[in-house]
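Notes for the structure review
Now for the letters of each chain:
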Amino acid sequence: MIPYLPLNEINAQYEPQLSQSLHHVVERGWYIMGREVELFEQEYAQYIGCKHCIGCGNGYDALWLIFQAYKQMGILHDGDEVLVPANTFIASVLAITHNRLHPVFVDPSPTSYLMEHKQIKGAVTKKTKAVLLVHLYGQNSFSDDIKKLCDENGILIIEDNAQAHGAIYNGARTGSLGHAAAHSFYPGKNLGALGDAGAVTTDDTALAQQIEQLHNYGSSEKYVHRMQGVNSRLDELQAAALRVKLRHLDADNNRRRAIATEYINRISNPLVTTPTVQEASAHVFHIFPLMCRQRDALQKHLTDAGIQTQIHYPIPPHRQECYKEHATLHLPIAERLALHELSLPCHPLLSNDDADKIIDAVNNFTILT
Ligand SMILES: *Cc1c(COP(=O)(O)O)cnc(C)c1O
């Protein structure tokens, strides 16, 4: 079987440094908000190209903290509209609604599957106060046109960079392009921890200070609480693992790109569409999505050929039971993606042999009529 993402083998690449680093944390005896977190925050801020990085519990919390901080600063208010791509993972939307903000689902571009300038322009109203740019599948969705439109209308740009660590736009990394960005280090992400972990990056010092307190019980001085904060901290153990893996992120992303480029160049089955990529060298291919009208049959064909695949995502947020108040929305691209999308294995350890097998198996797929 060619697994979709063999995390044990992927993490074995970083040994013995990974285990040594974790062992040092155990020996040091300081497990929350210590030296590893401080160094990771500095190193990741520098990698992304931002002044500030605040580690937190997970990617959802990073998003929640950004919206909550803007509310506490009086910049966002209950009921403000936030544009969000309709084909994103549910966490992007939950962070909006849990802050009593109003999500406006935007159908993505039918070719890039991203919410681009055109879609944003069509959705902006006087009530729009923020856009959540999701760099879905590992591809940047920011553009100078979007920035201009948002600046002219006083709209905040928040990035969901959970899937795009290392992606680039005009020489700058995603996560440094908007007002603030949320990063997830869920184990399966391009930069993955050994459990839950996340971070916020921003150049805005006031926002960073707000989040510094908010994520640690509303406190910057022990036992002094200026606001009703939450507990969402990055652990020392996770930070230690992330520091080891960050050093390999660019090389890992390059390997993902090489595999994705083979897929794009050599998958030629007319039943299947490979993704439109703005610029392969800027994309980090967290996910390699194929589109196929006979998606379920293709998935079965690949499983029978010993290839594990996944679907991102089978039910869009507006069709989830938890958002039944949005169920009457008609968002044809997001709905079509949910029916036709299939993700091929695309990770740094995938061999050329396995990539060849995957390409052959996709090209051999036929439908019996
Ligand atoms: C993974 C992911 C998240 C949430 O990250 P967690 O660390 O699992 O909370 C948010 N947005 C997107 C687009 C994701 O892929």
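See the structure shown above.
So, here is what we can say about the structure in this document. (Residues numbered from 1 in each chain as written. Predicted model: local features only at pLDDT ≥ 70, side-chain atom pairs only at ≥ 80, totals over all residues. Heavy atoms only, no water.)

G59, D160, Q163, S184 and K189 are the nearest of the 15 residues found near the ligand. The contact in question runs from an oxygen atom of the ligand to an N or O atom on the side chain of S184, over 2.6 Å. Protein chains bury 91% of the 380 Å² of accessible surface belonging to the ligand in isolation. Broken down by secondary-structure element, the contributors of at least two residues to the shell around the ligand are helix 4 (59-72) and helix 5 (90-97). Of the residues belonging to the shell around the ligand, the class tally is seven nonpolar, six polar and two charged. (Near = heavy atom within 4 Å. Polar contact = N/O pair within 3.5 Å; in protein donor to acceptor, adjacent residues only side chain to side chain. Areas by Shrake-Rupley, 256 points an atom, 1.4 Å probe, with all protein chains shown as cover. Helix = DSSP H or I, 4+ residues; strand = E, 2+ residues; numbered from the N terminus. Nonpolar A, V, L, I, M, F, W, Y, C, P; charged D, E, K, R; others polar.)

Packing of helix 2 (residues 17-28) against helix 9 (residues 236-246) brings their axes to within 9 Å, and their N-to-C directions diverge by 150 degrees. Comparing the axis directions of helix 2 and helix 9 gives the class roughly antiparallel. As for the relative orientation of helix 2 and helix 9, their crossing is right-handed in sense. When helix 2 is examined against helix 9, the residues Q17, L18, S21, L22, V25, V26 and R28 are found in contact with a partner set consisting of E236, L237, A240, A241 and V244. A per-class count over the contact of helix 2 with helix 9 returns eight nonpolar, two polar and two charged. (Axes fitted to C-alpha atoms, helices over the stretch in contact; angles between N-to-C directions. Parallel < 35°, antiparallel > 145°, perpendicular 65-115°, else oblique. Left-handed = near helix turned anticlockwise from the far one by under 90°. Contact = heavy atoms within 4.5 Å.)

Turning our attention to helix 12 (residues 332-340). Buried within helix 12 we find I333, A334, E335, L337, A338 and H340. As for helix 12, its buried residues are in contact with strand 11 (288-292), helix 11 (295-304) and strand 12 (341-344). (Buried < 20%, exposed > 50% of the residue type's maximum accessible area, 1.4 Å probe, protein only.)

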